[in-house]
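# What the coordinates show
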Protein chains: 6
Amino acid sequence: MIGIPQHLIDRAVDAALAEDVGLGDLTGTLTVEPDRRAKAAAVARSELVVAGLDVFRAAFLRFDPATVVQPLAADGERAARGTVLATVDGRARSVLAAERVALNFLQRLCGVATLTRRFVDAVPQGAKTRILDTRKTTPGLRAFERYAVRCGGGVNHRSDLGGGVLIKDNHIAACGGSVGEAVRRALRGTGPTQRVEAEVTSLEQLDEAMAAGAHAVLLDNMTPERIAEAVRRAAGRVVIEASGGLRLEDVPAVARTGVDFISAGALTHSAPAADISLEFET
Amino acid sequence: MIGIPQHLIDRAVDAALAEDVGLGDLTGTLTVEPDRRAKAAAVARSELVVAGLDVFRAAFLRFDPATVVQPLAADGERAARGTVLATVDGRARSVLAAERVALNFLQRLCGVATLTRRFVDAVPQGAKTRILDTRKTTPGLRAFERYAVRCGGGVNHRSDLGGGVLIKDNHIAACGGSVGEAVRRALRGTGPTQRVEAEVTSLEQLDEAMAAGAHAVLLDNMTPERIAEAVRRAAGRVVIEASGGLRLEDVPAVARTGVDFISAGALTHSAPAADISLEFET
Amino acid sequence: MIGIPQHLIDRAVDAALAEDVGLGDLTGTLTVEPDRRAKAAAVARSELVVAGLDVFRAAFLRFDPATVVQPLAADGERAARGTVLATVDGRARSVLAAERVALNFLQRLCGVATLTRRFVDAVPQGAKTRILDTRKTTPGLRAFERYAVRCGGGVNHRSDLGGGVLIKDNHIAACGGSVGEAVRRALRGTGPTQRVEAEVTSLEQLDEAMAAGAHAVLLDNMTPERIAEAVRRAAGRVVIEASGGLRLEDVPAVARTGVDFISAGALTHSAPAADISLEFET
Amino acid sequence: MIGIPQHLIDRAVDAALAEDVGLGDLTGTLTVEPDRRAKAAAVARSELVVAGLDVFRAAFLRFDPATVVQPLAADGERAARGTVLATVDGRARSVLAAERVALNFLQRLCGVATLTRRFVDAVPQGAKTRILDTRKTTPGLRAFERYAVRCGGGVNHRSDLGGGVLIKDNHIAACGGSVGEAVRRALRGTGPTQRVEAEVTSLEQLDEAMAAGAHAVLLDNMTPERIAEAVRRAAGRVVIEASGGLRLEDVPAVARTGVDFISAGALTHSAPAADISLEFET
Amino acid sequence: MIGIPQHLIDRAVDAALAEDVGLGDLTGTLTVEPDRRAKAAAVARSELVVAGLDVFRAAFLRFDPATVVQPLAADGERAARGTVLATVDGRARSVLAAERVALNFLQRLCGVATLTRRFVDAVPQGAKTRILDTRKTTPGLRAFERYAVRCGGGVNHRSDLGGGVLIKDNHIAACGGSVGEAVRRALRGTGPTQRVEAEVTSLEQLDEAMAAGAHAVLLDNMTPERIAEAVRRAAGRVVIEASGGLRLEDVPAVARTGVDFISAGALTHSAPAADISLEFET
Amino acid sequence: MIGIPQHLIDRAVDAALAEDVGLGDLTGTLTVEPDRRAKAAAVARSELVVAGLDVFRAAFLRFDPATVVQPLAADGERAARGTVLATVDGRARSVLAAERVALNFLQRLCGVATLTRRFVDAVPQGAKTRILDTRKTTPGLRAFERYAVRCGGGVNHRSDLGGGVLIKDNHIAACGGSVGEAVRRALRGTGPTQRVEAEVTSLEQLDEAMAAGAHAVLLDNMTPERIAEAVRRAAGRVVIEASGGLRLEDVPAVARTGVDFISAGALTHSAPAADISLEFET
């Protein structure tokens with residue numbers, strides 16, 4: 001599993017704590033003695049795929065390094081309802097103050113991983129298709145949601161606009177309408193670790209993109225039948241990604257066409273939070 | 001409508017642009033001429049409540065101040081499928097590079113506003129209950145999601161842990177189990193603009209909290225019947241908030257009990273992104 | 001005692017060190033051997049109330065984690081002239097370089113706590129009045145000065161403009177002059193942990209505010225006699241704060257009127273620094 | 001007048017606004033219509049020396065660039081009680097939200113300038129002594145308080161530890177007790193724009209420092225008589241600074257000794273805020 | 001020409017100004033009247049390739065928006081000795097204060113572009129080889145140096161470790177020594193816009209990498225003869241990059257082997273600053 | 001040796017890691033097992049002066065605190081070709097990911113130190129001249145390059161524009177052409193740790209500057225003969241700095257004139273990176 005760089009975790013957690021704690025936890029400090037201790041357990045309240053335990057842990061530790069967080073599951077694993085994902089032990093004030101931030105991260109990341117896994121599991125046995133995310137991530141949380149996608153068995157698309165070439169219809173329009181011309185321009189500035197991918201909406205465009213030297217194509221909003229035809233036409237000469245509002249129930253048919261990737265913005269922009277609670281020992 | 005402070009918009013948009021643009025948009029700059037212009041329209045592809053047009057606009061302007069964004073709707077309004085929410089006019093490279101960040105914000109905020117509005121609309125005619133958000137917001141986006149809740153007709157809970165007192169079961173446990181003692185402690189450090197609210201799980205606790213001087217109570221995970229009983233018992237002496245996994249379909253019955261507030265984490269942690277696309281003139 | 005969140009301490013200390021140390025301590029590094037050690041004691045040179053020892057300590061540790069700072073007093077305590085508040089032991093270069101930042105924080109915070117304590121002690125035995133701060137804090141140091149006020153026995157007002165409702169004369173003017181209308185508007189957007197407070201300058205306004213449902217009123221610039229009259233009129237139905245250029249010598253008379261709070265900007269904007277020196281063992 | 005670099009103003013103002021505005025001004029937005037306008041004037045309520053009008057202005061403009069702030073006085077000028085220092089004209093919500101931050105800066109900076117001017121004015125006619133600040137500034141506000149000192153007619157000491165050499169008693173102790181040795185070491189690493197200054201507490205140390213090549217000496221905690229003796233002994237060969245708890249009433253006698261500089265931490269650490277209010281037109 | 005995102009320019013320029021200006025320009029403000037104006041011209045004092053005029057301009061404008069900077073050349077152009085690259089017109093204090101930061105950026109970026117252009121020009125007529133940079137950039141200036149490489153006619157390698165796959169000898173060693181195994185692992189997590197590149201040091205490794213599906217190979221520290229052999233063996237099936245301490249004089253021979261790319265760390269880590277001065281009109 | 005403040009190291013290293021690592025090291029995490037360990041040694045591949053081992057170390061530790069870096073040389077020492085400067089031992093993924101940032105810093109700082117040492121060594125035996133840097137440093141790296149200059153035996157000029165007075169020809173021009181007038185103005189605002197230095201281009205200006213009270217002069221672009229004449233004329237009354245495009249081969253003749261300082265921008269703006277590689281144990 002490719003982890004999230006620690007500095008990104010620390011920065012996002014610090015910002016979230018600053019946002020949530022404000023000038024300090026009024027309630028906890030007014031009602032709880034400073035030396036009071038608390039133990040708690042993060043419990044899955046529905047089946048989920050785990051993602052983000054390092055972030056959950058960092059939320060408590062960045063707030064109070066004396067807190068002890070013990071993960072009892074591993075990112076990428078499935079957890080049944082009732083599974084204890086981690087335990088937390090520390091000053092009661094600290095645990096109560098950092099709890100919400102820790103859960104806000106964990107619930108979101110498990111939510112993304114769980115939805116991704118459902119997409120991955122929907123690919124029929126034997127099909128080579130992989131599930132891919134998009135740039136439709138929550139502002140500020142790209143590294144985190146990308147990681148959760150990997151925890152769910154997905155593959156990540158380019159990290160940012162500087163990290164890869166994907167020619168869309170509007171680029172083509174701005175190039176005078178020719179996908180071939182756009183591909184040729186892109187090839188001139190592409191280094192050895194990058195492929196040029198172009199969005200195509202017809203078999204003619206597919207031919208033109210391939211002729212111009214595109215390494216990959218994105219088939220946007222096509223039916224499985226059209227996709228299958230494109231796959232046959234490409235005959236393995238380019239990598240093929242299917243995209244465009246694909247829902248979970250569309251995955252099997254699209255995967256059977258033989259595409260290399262199915263990408264879905266919903267993995268990151270519409271995954272519901274996983275249901276996880278922090279239960280305190282009393 | 002209470003707006004989002006501009007400095008928070010600018011900071012979040014800048015961070016999102018940095019995250020998404022990286023060292024620069026490779027595709028746009030390789031394939032599109034620098035002086036090429038583009039016009040586009042943000043179109044609602046399903047019915048939604050508008051929220052975040054200022055953020056949408058800022059994404060384009062922070063990237064390139066020469067871009068012109070014209071809002072054609074107002075935050076808080078309902079927009080039917082097909083409504084043009086705003087137009088964008090600028091350098092094609094700039095519009096293409098900032099598009100994703102602009103939409104990522106707008107889709108999320110409209111999603112939150114739309115879901116909130118559905119909760120608000122579920123309150124029966126004549127009931128005084130208002131819909132309230134929680135601290136279960138996306139890390140880094142609290143000001144934005146709070147704003148979207150207001151756009152949907154909801155009311156905001158305390159801004160952060162320093163901005164209000166809410167005594168939960170774990171505070172009470174850490175106080176030796178007495179909600180009355182916790183309330184009394186909290187009252188000592190509470191200023192003139194703050195109310196002390198306490199979570200109660202029984203009528204006995206409700207009595208104890210009121211006796212100790214609590215100004216508000218949160219009824220956690222109670223049935224409508226229990227809530228109704230608590231409302232009668234309180235007899236207007238305290239503000240009452242019902243909470244705990246309440247779904248849209250639970251709202252009418254709970255509102256009919258006469259509670260002042262229904263709060264729901266789902267408003268912010270599980271709202272699906274609204275479906276909005278940026279369509280380019282060709 | 002409600003502490004200052006550690007991340008706020010670290011951030012403010014880091015900024016202060018950056019500001020004071022610049023590219024590095026030229027004098028210390030030119031004249032002191034790297035392995036030379038130093039011991040020093042922070043000594044109160046006049047009577048004071050202690051506040052900010054954690055910040056004092058952080059200044060040395062953020063500069064050089066190998067420094068040992070041992071507090072010998074506790075925040076909130078009174079210290080007589082000559083009291084050793086803390087000892088510092090570390091590399092001489094590090095102690096000399098961080099000394100000024102550590103003292104700049106400690107002297108200011110003890111200054112605020114000491115002045116606050118004088119206000120608190122001026123409340124006559126038996127009066128219930130508490131001393132309250134304002135938003136007139138040093139830019140960048142609100143969390144610190146708020147904490148120092150608590151160390152001196154004071155209570156904090158709302159943390160920021162998003163953390164509470166306080167309707168001032170200018171809001172009322174902008175509302176068409178009616179405090180009642182302003183209160184009614186504010187009540188619509190106020191959550192369960194917030195009270196609506198309104199500034200009133202006459203008994204008529206007081207009546208109007210109470211009739212509209214205000215939970216608290218601020219009596220601005222009134223004589224003790226007027227204040228006493230207002231307290232009688234309110235008869236316990238609203239929380240009452242007296243404010244407006246109140247000096248230490250005004251506290252007893254105002255407190256005897258029975259107001260709940262006296263607020264004073266001077267606590268934070270005009271407290272002289274406490275006299276504390278760092279004395280080195282030789 | 002040497003101004004404050006704009007980027008320092010913007011950064012400090014942004015941080016102060018973030019601290020004070022939080023998620024947004026609840027009161028103003030709930031009670032004031034968005035298109036309501038306000039005009040106000042910043043009025044000196046006691047005699048003062050002006051400092052910080054650029055910062056006052058920036059507070060309104062950074063919050064809302066559509067606000068118009070018109071300075072009616074200049075930094076460095078004396079203003080009598082009742083003087084209008086500046087006018088503000090803009091959206092009522094914006095003026096009300098930024099008012100506190102603007103005044104917090106202006107009151108502090110005018111306070112420092114006013115106190116400095118009193119020290120400067122206490123230097124007898126004909127004496128060459130200049131008033132100097134120290135590193136005892138408010139954490140985070142050094143550039144601002146240094147500027148205010150200049151507005152009051154004072155001169156600034158070194159900007160930070162990397163910007164000049166000042167050998168104190170503890171450096172000397174760490175050097176084996178010899179001020180001469182410390183000076184010689186410091187001279188080796190001193191560039192062409194820097195003078196080496198050493199603190200001396202006796203005439204012997206003064207001789208030793210001069211013999212070693214010191215360019216300036218700081219006389220710490222000496223009586224005017226001792227200072228006068230030192231000045232005679234130095235005979236113009238070194239620059240002389242008198243320091244150590246000097247109060248306003250000490251200035252004339254010390255200045256008459258002929259020292260080049262009198263430095264006082266109180267200028268920045270204990271100046272009371274100037275009394276300035278923002279009065280709204282109604 | 002792919003520009004540098006404006007927010008990266010602003011952030012780097014602001015940091016550089018903060019670093020260089022400190023609390024303010026002492027000399028300029030002490031010696032120059034505030035209303036004095038200055039005109040100056042940035043002049044190439046030796047032949048160079050232009051890069052970074054936007055950054056040069058931003059240095060003056062971020063310091064003082066009233067400054068007017070007029071570029072008289074375009075990035076990517078060659079400029080002969082004596083060419084005026086830009087003119088600057090503004091307040092004398094502002095021009096003098098921002099001059100050094102503006103030149104520090106411009107000289108470095110022109111230096112990189114000029115050296116890159118020398119490499120590009122050393123590729124013989126007819127050879128397809130392109131010149132590529134590396135990750136050996138100045139910490140903090142990657143976007144800037146990458147841009148300068150493009151101005152000099154070069155192509156950029158992957159933007160960062162998350163933006164592409166390049167398997168080096170140490171990855172292979174950590175994989176048990178098999179380049180094929182490393183390539184296969186990498187292919188599993190590679191999205192549609194990425195190519196897998198592997199470093200190879202022998203023809204056997206080349207065969208193994210190609211058999212495993214590598215899309216590109218880096219030939220490290222090979223002689224032109226070995227490179228030529230590798231190119232023949234690859235027969236167009238993979239992209240080929242030659243690297244490893246290649247100097248300008250090595251370029252022709254290596255390019256004639258038919259490699260796709262020659263990469264050189266020296267382009268960014270050892271380019272001498274271009275000689276440019278800011279000459280003031282008097 | 002005067003070290004670099006730790007907070008500057010941490011901030012610069014964090015920024016460099018963020019820039020280089022992006023969303024995470026794709027290659028290392030795809031190809032290397034998480035528990036795989038690596039040992040490596042930083043080896044000088046040509047003779048150099050060491051500078052920056054603390055920064056090198058911080059790069060690994062900020063990325064992964066479990067990494068152990070053992071310095072085997074000390075900053076300021078000369079290292080022969082083949083010398084092991086430090087060893088690194090840690091998780092293979094961490095070592096591989098942080099390697100480039102660590103080397104980018106170390107190679108640049110050793111490069112600056114090595115070039116500085118060559119200048120220092122070029123000063124003839126017996127001459128008192130010291131080598132001085134300038135403000136021509138890499139944006140963002142001033143503290144680092146200043147430190148490297150000290151490691152090479154050089155002395156640092158003023159830290160920033162607020163840290164010292166250096167009157168250049170353009171200041172003089174803006175003052176009406178009189179160096180004497182400029183010096184007199186500067187003296188008024190100069191504190192006890194600062195000398196006023198003025199650039200002079202003729203013996204007449206030298207006389208005028210000295211008469212006005214300048215403490216130091218910068219002789220710009222003069223021949224050794226002119227410099228010698230100026231040194232005689234000054235007769236020890238002012239500190240003398242020679243500057244202006246001086247190359248290594250010019251140092252002996254200029255130093256023999258008896259100037260106090262020779263300054264050279266090339267030390268920081270054009271030092272080639274030292275050749276250092278990280279060699280892994282296999």
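Residues numbered from 1 in each chain as written. Chains lettered and ligands numbered in written order. Predicted model: local features only at pLDDT ≥ 70, side-chain atom pairs only at ≥ 80, totals over all residues. Heavy atoms only, no water.

### Some words on the packing of helix 7 (residues 179–188) of chain F against helix 8 (residues 203–212) of chain F
Residue and element names in this part refer to chain F. Remark: helix 7 packs on helix 8, axes separated minimally by 8 Å, with the N-to-C direction vectors making an angle of 30°. Looking at the two axes, helix 7 sits roughly parallel to helix 8. The crossing of helix 7 and helix 8 is right-handed. Contact with helix 7, carried on its side by Val179, Gly180, Glu181, Val183, Arg184 and Leu187, involves Gln205, Glu208, Ala209 and Ala212 of helix 8 and no other residues of that element. (Axes fitted to C-alpha atoms, helices over the stretch in contact; angles between N-to-C directions. Helix = DSSP H or I, 4+ residues; strand = E, 2+ residues; numbered from the N terminus. Parallel < 35°, antiparallel > 145°, perpendicular 65-115°, else oblique. Left-handed = near helix turned anticlockwise from the far one by under 90°. Contact = heavy atoms within 4.5 Å.)

### A word on the relation of the copies chain A and chain F
With an RMSD of 0.0 Å, chain A superimposes on chain F once it is rotated by 120° and translated 0.0 Å along the axis. In symmetry terms, the pair is related by a three-fold rotation axis. When C-alpha positions in chain A are compared against the rotation axis, the closest is assigned to Arg11 of chain A, at 7.2 Å. (Least-squares fit on C-alpha atoms with pLDDT ≥ 70 in both.)

### Considerations on the environment of Ala209 of chain E
All names here are of chain E. The topology assignment puts Ala209 in helix 8 (residues 203–212). Linking Ala209 and Ala15, residues 194 residues apart in sequence, is a C-alpha distance of 44 Å. Here Ala209 is in contact with Val179, Val183, Val200, Ala214 and Val217, once residues within four sequence places are set aside.

### Section: the relation of the copies chain B and chain A
The operation relating the two chain copies consists of a rotation about an axis and a shift along that axis. For the match of chain B to chain A, the screw axis carries a shift of 0.0 Å, the RMSD comes to 0.0 Å, and the turn is 180°. Classification of the inter-copy transformation places it as that of a two-fold axis. Mapped onto chain A, 98% of the interface residues of chain B again fall at the interface, so both copies present the same surface.

### Quick look at the confidence of the model for chain A
Summing up the model confidence of chain A, the mean pLDDT is 95 and the portion of residues at 70 or higher is 99%. Here the complex is predicted with pTM 0.94, and the ipTM for its interfaces comes to 0.95. (pLDDT = per-residue confidence, 0-100.)

### So, the packing of helix 4 (residues 92–121) of chain C against helix 5 (residues 142–151) of chain C
Residue and element names in this part refer to chain C. One way to put it is that helix 4 packs onto helix 5 with a least axis distance of 7 Å and a crossing angle of 45°. Considered as vectors, helix 4 and helix 5 are oriented oblique to each other. For the crossing formed where helix 4 meets helix 5, the hand is right-handed. In this structure, helix 4 uses Phe105, Arg108, Leu109, Val112, Ala113, Thr116 and Arg117 to contact helix 5, whose residues at the interface are Phe144, Glu145, Ala148, Val149 and Cys151. Here the residues of the contact of helix 4 with helix 5 are counted per class, giving eight nonpolar, one polar and three charged. (Nonpolar A, V, L, I, M, F, W, Y, C, P; charged D, E, K, R; others polar.)

### Quick look at the interface of chain B and chain A
In this complex, chain B contributes 55 residues to the contact, which on the side of chain A involves 54 residues. Summing the contributions of chain B and of chain A, the shared interface buries around 4,900 Å²; its carbon and sulfur component is 55%. Sorting the residues of chain B by area buried against chain A places Glu19, Pro139 and Leu161 of chain B first, and these three jointly supply 14% of that buried surface. Between chain B and chain A we count six salt bridges in total. Of the charged contacts, one joins Arg135 of chain A and Asp20 of chain B as a salt bridge, the two residues approaching to 2.6 Å between their closest N and O atoms. Where chain B meets chain A, there are 36 residue pairs in polar contact (both at pLDDT 80 or more). Counting residues per element, the ones that place at least two in the side of chain B that touches chain A are helix 1 (6–21), helix 2 (26–31), helix 4 (92–122), strand 7 (165–167), helix 6 (169–174), helix 7 (179–188) and helix 11 (266–269) of chain B. Considering each element in turn, the side of chain B that touches chain A owes the most residues, six residues, to helix 4 of chain B. Per-class residue counts for the side of chain B that touches chain A are 23 nonpolar, 19 polar and 13 charged. (Buried area = accessible area lost by both parts, 1.4 Å probe. Salt bridge = Lys/Arg side-chain N within 4 Å of Asp/Glu carboxyl O. Polar contact = N/O pair within 3.5 Å; in protein donor to acceptor, adjacent residues only side chain to side chain.)

### Overview of the arrangement of the chains
Regarding chain C and chain E, the two do not touch, and the least distance separating their C-alpha atoms is 9 Å. When C-alpha atoms are compared, chain B and chain F, though not in contact, are closest at a spacing of 9 Å.

### A short note on the interface of chain A and chain F
Contact with chain A, which involves 11 residues of that partner, is made by 12 residues of chain F. Carbon and sulfur atoms make up 72% of the area that chain A and chain F hide from each other, which totals about 800 Å². Seen at the junction of chain A and chain F, the total is zero salt bridges. Linking chain A to chain F there are zero residue pairs in polar contact (both at pLDDT 80 or more).

### Quick notes on the packing of aromatic side chains
Per the counting criterion, the structure on display carries 12 aromatic pairs over all chains. Ring geometry for Phe56 of chain B versus Phe60 of chain B: centroids 5.2 Å apart, planes at 75°, classification edge-to-face. A residue pair is termed a helical-turn pair when its members lie 3 or 4 positions apart in one helix, as Phe56 of chain B and Phe60 of chain B do in helix 3 (residues 53–63) at four residues. For Phe56 of chain B, a relative accessible area of 0% puts it in the buried group. Taking 5.7 Å as the distance between ring centres and 40° as the angle between the ring planes, the aromatic pair formed by Phe105 of chain C and Phe144 of chain C counts as tilted. One end of the pair, Phe105 of chain C, is in helix 4; the other, Phe144 of chain C, is in helix 5, with 39 residues separating them in the sequence. The same class applies to Phe105 of chain C and to Phe144 of chain C, which are both buried. (Phe/Tyr/Trp six-rings, centres within 6.5 Å; stacked < 30°, edge-to-face > 60°. Buried < 20%, exposed > 50% of the residue type's maximum accessible area, 1.4 Å probe, protein only.)

### Let's talk about unusual backbone geometry
One non-glycine residue, Asn221 of chain A, lies in the positive phi region at around 55°. Checked against the element boundaries, Asn221 of chain A lands in the loop between strand 9 (216–220) and helix 9 (224–234). Not every positive phi belongs to a glycine, and Ala235 of chain C is a case in point at roughly 50°. Tracing the sequence through the fold places Ala235 of chain C in the loop between helix 9 (224–234) and strand 10 (239–243). Given the relative accessible area of 57%, Ala235 of chain C is considered exposed.

### A closer look at the side chain of Arg158 of chain F
Assignment of secondary structure puts Arg158 of chain F in the loop between helix 5 (142–151) and strand 7 (165–167). No salt bridge is formed by the buried Arg158 of chain F; its nearest oppositely charged neighbour, Asp25 of chain E, is found at 5.0 Å. Of the polar contacts made by the side chain of Arg158 of chain F, one reaches the backbone oxygen of Gly164 of chain F; its length is 3.1 Å. If we skip the residues at most four places from it in the chain, Arg158 of chain F touches Thr193 of chain D, Thr27 of chain E together with Arg135, Arg146, Gly163, Gly164, Val165 and Leu166 of chain F. (Lys, Arg positive; Asp, Glu negative; His and termini not counted.)

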